[in-house]
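Descriptive structure summary
The chain contents come next:
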Amino acid sequence: MDAVILDDELKVRSTIGTLVAEHFPDIRILASVGSINEGYEAIVKYKPDLLFLDIELPDGTGFDLLKRFSQLTFKIIFVTGHQEYALDAIRVSALDYILKPVDPDELIRAVEKAGEIISHEEQMLKFQALAENMQGRKVLKRIILHTSDHLQLVSVHDIVRAEADSNYTTFY
């Protein structure tokens, strides 16, 4: 699982990064940034599975950042000092809402929950592909491709060609 941390407080970013590294060695923190613009660029560049998001930032709110995306392809754990935004967090389907100062046990539980949900969604994607392919029986309709950082369900009709490159295959 890949993650991005967006918080204007360096100490909080450091705490989250340290706790994640200690308890979840399979999670990669791809960026740790302090503004909405930096956060947006990091999300577009890295396409994380998980975003640790503060609410009040120097250049706007975490909700302003989320409005920039037509579809949220990542899970969100809010880490904030403001209780009053909890209902808004629920509206954007946040996985958790952690108040500062960060309680390590609370953060660990939130990350575990995120891992379970992401794993479940990947399994459901595989089952969906299997079900669709079983309906046609003779013609494969969709396949799951493993990219460097995600699973992607692709219609076979959308694939023009596949090109081998050592241990990898590039699909066009």
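Residues numbered from 1 in each chain as written. Predicted model: local features only at pLDDT ≥ 70, side-chain atom pairs only at ≥ 80, totals over all residues. Heavy atoms only, no water.

When the charged atoms of two side chains with opposite charge come close together, those side chains can pair. A complete count under the given rule lists 7 salt bridges for this structure. Salt-bridge contacts for Asp7 lead to Lys100; the nearest nitrogen and oxygen are separated by 3.0 Å. Residue Asp7 is found in the loop between strand 1 (2-6) and helix 1 (10-23), and its partner Lys100 is found in the loop between strand 7 (96-99) and helix 5 (104-136); the two are separated by 93 residues along the sequence. A residue is classified by how much of its surface remains accessible, and Asp7, at 1% relative accessible area, is buried. Residue Lys100 pairs with Glu9 through a salt bridge whose shortest N-O separation is 3.0 Å. Note that Lys100 is positioned in the loop between strand 7 and helix 5 and Glu9 in the loop between strand 1 and helix 1, a separation of 91 residues in sequence. What makes Lys100 buried here is its relative accessible area of 19%. Among the residues examined, Glu9 registers a relative accessible area of 39% and is labelled partly exposed. It is possible to trace a salt-bridge network through shared partners that takes in Asp7, Glu9, Asp54 and Lys100. (Salt bridge = Lys/Arg side-chain N within 4 Å of Asp/Glu carboxyl O. Helix = DSSP H or I, 4+ residues; strand = E, 2+ residues; numbered from the N terminus. Buried < 20%, exposed > 50% of the residue type's maximum accessible area, 1.4 Å probe, protein only.)

The next point concerns the nonpolar core. Ranked by size, the top nonpolar core spans 21 residues in total, and within it Leu6, Leu51, Leu53, Leu65, Leu66, Phe74 and Phe78 carry the most contacts. Excluding residues within four positions of it along the chain, Leu65 makes contact with Leu6, Ile36, Gly39, Tyr40, Ile43, Leu51 and Leu53. Within the second largest apolar cluster, 20 residues are counted, among which are Val12, Leu19, Phe24 and Val111. (Core = buried A, V, L, I, M, F, W, Y, C linked by side-chain atoms within 4.5 Å. Contact = heavy atoms within 4.5 Å.)

This part is about the packing of aromatic side chains. The geometry of an aromatic ring pair comes down to the distance between the two centres and the angle between the two planes. Within the structure shown, the criterion is met by 5 aromatic pairs. Between the aromatic rings of Phe78 and Tyr97, the centroid separation amounts to 6.1 Å while the plane-to-plane angle is 50°, which identifies the pairing as tilted. Remark: Tyr97 occurs in strand 7 and Phe78 occurs in strand 6 (residues 75-80); sequence separation between them is 19 residues. Judged by relative accessible area, which is 16%, Tyr97 ranks as buried. (Phe/Tyr/Trp six-rings, centres within 6.5 Å; stacked < 30°, edge-to-face > 60°.)

Another aspect to go through is the side chain of Ser35. Mapped onto the elements, Ser35 comes out in the loop between strand 2 (28-33) and helix 2 (36-46). Relative accessible area serves as the criterion here: at 14%, Ser35 is assigned to the buried category. The contacts of Ser35, once residues within four sequence positions are left out, are Leu6 and Asp59.

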